Amino acid sequence: NHGGLVSSSSNRGGRGGGGKYPNRVGAPHGGRGSKGNYRGGGGGGNHHHHHHGGGTREGPHTGYVRMRGLPYQATKQDILDFFKEYKPDESSILLTYRVDGRSTGEGYVMFADPSDAKEAMTMHRSTIGSRYIELFISNKEEHARNVARSTPPLR
């Protein structure tokens, strides 16, 4: 036990000696801190460049969003990744299927808060894979109606 203490104190001596050199002292003088600050400040405003009106993209937000144009092989994980900054509720994600088991290319997702859903609408016309995803305001009733279609039919 004592051996450990002795060796660490001799290390410390060596390090202290290094501190006499001016470049050693100059290094931690807050350069890192100031860089961190402005990075934090610049984080917010980069999702707001595309606003499109039209259809059910206007109106009160309920926290539910309908997606259209999803790739056939899209998964819940793709949807989570797509909306990751907006806190989607993983258990609410629906990907709907036709009677023959093919994907409709539509899906539904609920967000923790209607304001998150409103923010998430700025992702309209963003891509998953090579497909442009269109986003529309949905609601609880529409979401509930589609729960039954959100699993591929059993053959």
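Residues numbered from 1 in each chain as written. Predicted model: local features only at pLDDT ≥ 70, side-chain atom pairs only at ≥ 80, totals over all residues. Heavy atoms only, no water.

1. Here we look at the environment of Leu-135
Within the secondary structure layout, Leu-135 lies in strand E5 (residues 131-137). With a relative accessible area of 0%, Leu-135 lands in the buried category. When residues no more than four places from it in sequence are discounted, the contact partners of Leu-135 are Arg-57, Val-65, Arg-66, Met-67, Phe-82, Phe-83, Ala-120, Met-121, Met-123 and His-124. (Helix = DSSP H or I, 4+ residues; strand = E, 2+ residues; numbered from the N terminus. Buried < 20%, exposed > 50% of the residue type's maximum accessible area, 1.4 Å probe, protein only. Contact = heavy atoms within 4.5 Å.)

2. Side note on the environment of Met-121
Tracing the backbone shows Met-121 in the loop between helix H5 (114-120) and strand E4 (126-128). A relative accessible area of 6% means that Met-121 is categorised as buried. C-alpha of Met-121 to C-alpha of Arg-57: the two residues are 64 residues apart in sequence and 8.1 Å apart in space. In contact with Met-121, not counting residues within four places along its chain, are Arg-57, His-61, Val-65, Leu-135, Phe-136 and Ile-137.

3. Some details on the side chain of His-143
With respect to the helices and strands, the residue His-143 is situated in helix H6 (residues 140-146). Beyond its immediate sequence surroundings of up to four residues, His-143 is in contact with Tyr-64, Ser-92, Leu-94, Tyr-108 and Ser-138.

4. Regarding the packing of aromatic side chains
Summed over the entire model, instances satisfying the criterion amount to 2 aromatic pairs. A ring pair is formed by Phe-82 and Phe-83, whose centres lie 4.8 Å apart and whose planes are at 80 degrees; its orientation type is edge-to-face. This pair shows no difference in class: Phe-82 is buried, exactly as Phe-83 is. The interplanar angle of 90 degrees and the centroid separation of 5.1 Å between the aromatic rings of Phe-83 and Phe-111 together place this pair among those described as edge-to-face. Of this pair, Phe-83 sits in the loop between helix H4 (76-82) and strand E2 (94-97) while Phe-111 sits in the loop between strand E3 (103-110) and H5, placing them 28 residues apart in sequence. Here Phe-83 and Phe-111 have matching classes, each one buried. Taken together, the aromatic side chains of Phe-82, Phe-83 and Phe-111 make up a single cluster linked through ring pairs. (Phe/Tyr/Trp six-rings, centres within 6.5 Å; stacked < 30°, edge-to-face > 60°.)

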